[in-house]
Amino acid sequence: MSRSGGIPYHWKALLHRKALWGAHEQATRAFLERWNPTEKELLLIGPSGGYSIPPGWLGRFDRIFAYEPDLLARKIFERRHGLRPVWLERYFPFGKPGAFEHPAGAAVLFSNLLGQIEIRNVKKLGTWLEQELQGRTWASFHDALSGHGIDFDTEDAGRERALLPAMKRWIHVRNPGMRQIEVLSHDAPDLFASFKNLQYSYWQWTLTPEHTFLTEGVFPKRASVAEDESC
Ligand SMILES: C[S@@+](CC[C@H](N)C(=O)[O-])C[C@H]1O[C@@H](n2cnc3c(N)ncnc32)[C@H](O)[C@@H]1O
């Protein structure tokens, strides 16, 4: 079950995408270019209207398969990217054995979804993801923290996993007079806690003038990089 999406999300995109989402789009492009999958097929999970995915980036794939329950989002996606994915069942079946088997061998991208679904048992879902994604090329970008009236300064973020205390140090309160701020910590980063050899990126997504997100991007390091670093 998603905590977001639908008409309110499309409305926010209409109001704020041009003015505020540019930096997020650029950071997402840089992240996807670092990921750089060589597969010719992509399985896209939860793209909504494809607002975060930079135009043109999907052109590298011969075929795109996607799970997206929102029918309006599918239409917006097709118009924005000028291509028609093979739309699979509406909801991706989280927790089901073999859920990534079709299409076999396609690169898998969780597109800003994992921070927005209700996760009942983080450890169980993380274990399932680790088993099912074994041997696959995959990436996810997702919400890590979010709040109102704050910014995230990720300048000193490296390529390693940032734990909550490090993420908290990136928070800047816009109005220093505020005595209390509320920051939501999303479960998505913990899904990957037991994975080995992952490469991370962090950036801010300014959804509305007031509401900001710390986005975490993650994918497995290439074998050569992982081996070098373990020496
Ligand atoms: C906030 S949107 C993601 C943002 C989007 N990737 C973008 O670039 O703007 C979350 C999307 O996930 C979709 N969703 C929710 N549960 C899903 C599931 N189980 N499988 C696939 N999509 C799902 C929702 O319909 C919604 O469009």
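Everything numeric here is computed off the predicted structure, so don't read it as measured data.

So, how was this worked out
The written sequence of each chain sets the order in which its residues are numbered from 1. In view of the model being predicted, local features appear only for residues whose pLDDT reaches at least 70, and side-chain atom pairs are presented and counted only at 80 or more, with totals across whole chains, interfaces and linings using the full set of residues. Strands are runs of DSSP state E lasting at least 2 residues, helices are runs of H or I lasting at least 4, and numbering of each runs from the N terminus. Once C-beta atoms have been placed from the backbone, residue pairs whose C-beta atoms lie within 7 Å are recorded as contacts. Residue burial is a threshold on neighbouring C-beta atoms within 10 Å of the residue's own C-beta, all placed from the backbone, with 20 or more meaning buried, 12 or fewer meaning exposed, and counts in between meaning partly exposed. Expected helix span is given by 1.5 Å per residue-to-residue step, counting one fewer step than there are residues. Fitting one axis to the seven residues ending at a residue and another to the seven starting there, the bend at that residue is the angle between the two axes. At least two DSSP bridges between two strands are needed for those strands to be called paired. The nonpolar core is taken to be a set of buried Ala, Val, Leu, Ile, Met, Phe, Trp, Tyr and Cys residues joined by way of C-beta atoms within 7 Å.

Draft legend 1. Summary view of the overall build of the protein chain. Regarding its fold elements, the protein chain presents 6 helices and 10 strands. Once the C-alpha set of the protein chain is aligned to its principal axes, its extents read approximately 55 × 50 × 35 Å. For the protein chain, the share of sequence-separated contacts (at least 6 apart) that also reach a separation of at least 24 residues comes to 72%.

Draft legend 2. Broad picture of the environment of E25. Structurally, E25 is set in helix α2 (residues 22-35). Separated by 27 residues in the primary sequence, E25 and S52 have C-alpha atoms spaced 5.4 Å apart. Residues within four places of E25 in sequence aside, it is in contact with S52 and P54.

Draft legend 3. Examining the environment of D187 more closely. In this structure, D187 sits in the loop between β8 (183-185) and β9 (198-206). Assessed through the 19 C-beta atoms surrounding it within 10 Å, D187 is described here as partly exposed. In the structure, D187 is positioned 42 residues away from L145 in sequence and 9.1 Å away in space, judged by C-alpha atoms.

Draft legend 4. Inspection of α2 at higher detail. Taking 1.5 Å per residue as the helical rise, α2 with its 14 residues ought to reach 20 Å, and the 20 Å between its terminal C-alpha atoms agrees with that figure. Buried positions along α2 lie against β5 (138-148), β9 and β10 (211-220). Backbone geometry just after α2 places N36 at a positive phi near 50 degrees.

Draft legend 5. Here's a closer look at helix α1 (residues 6-20). With 15 residues, α1 should cover 21 Å at 1.5 Å per step; its first-to-last C-alpha distance of 20 Å lies within 8% of that length. The axis of α1 is deflected most strongly, by about 40 degrees, at L14.

Draft legend 6. Quick peek at the pairing of strand β1 (residues 41-45). Of all 5 residues in β1, 4 are buried; the element is thus mostly enclosed. In the sheet, β1 pairs with strand β2 (residues 63-67) via 5 bridges, with the strands oriented parallel. Across the sheet, the residue bridging to L44 is A66, located in β2. Here β1 pairs with strand β4 (residues 107-111) via 4 bridges, running parallel. Bridge assignment links L44 to a residue of β4, and that residue is L109.

Draft legend 7. The nonpolar core, seen in detail. Core analysis: the biggest nonpolar cluster contains 44 residues, and L42, L43, L44, I45, V108, L109 and L214 have the highest contact counts within it. Of all the elements in the fold, those that place two or more residues in this core are α2, β1, β2, β4, β5, β9 and β10. Sorting elements by how many residues they give to this core places β5 first, with 5 residues. Beyond its immediate stretch of four places on either side in the chain, L44 contacts I64, A66, P85, L109 and S111.

Draft legend 8. Fine view of the environment of R169. The topology assignment puts R169 in helix α5 (residues 164-169). Separated by 17 residues in the primary sequence, R169 and F152 have C-alpha atoms spaced 8.6 Å apart.

Draft legend 9. Up close: the pairing of β10. Burial analysis of β10 places 8 of its 10 residues in the buried class, the great majority of the element. As paired elements, β5 and β10 share 8 bridges and run antiparallel to each other. Paired with H142 across the strands is E216, a residue of β10. With 9 bridges joining them, β9 and β10 adopt antiparallel strand pairing. When the bridges of β10 are listed, Y200 appears paired with V218. Following β9, the chain reverses through 4 residues before pairing antiparallel with β10.

Draft legend 10. Highlighting unusual backbone geometry. The omega torsion of the bond from H102 to P103 falls at 0 degrees, within 30 degrees of zero and hence cis. Note on placement: P103 falls in the loop between β3 (86-87) and β4. Within the chain, S48 stands out as a residue other than glycine whose phi angle is a positive 50 degrees. Within the secondary structure, S48 is located in the loop between β1 and β2. Exposure remark for S48: the 26 C-beta atoms within 10 Å place this residue in the buried category.

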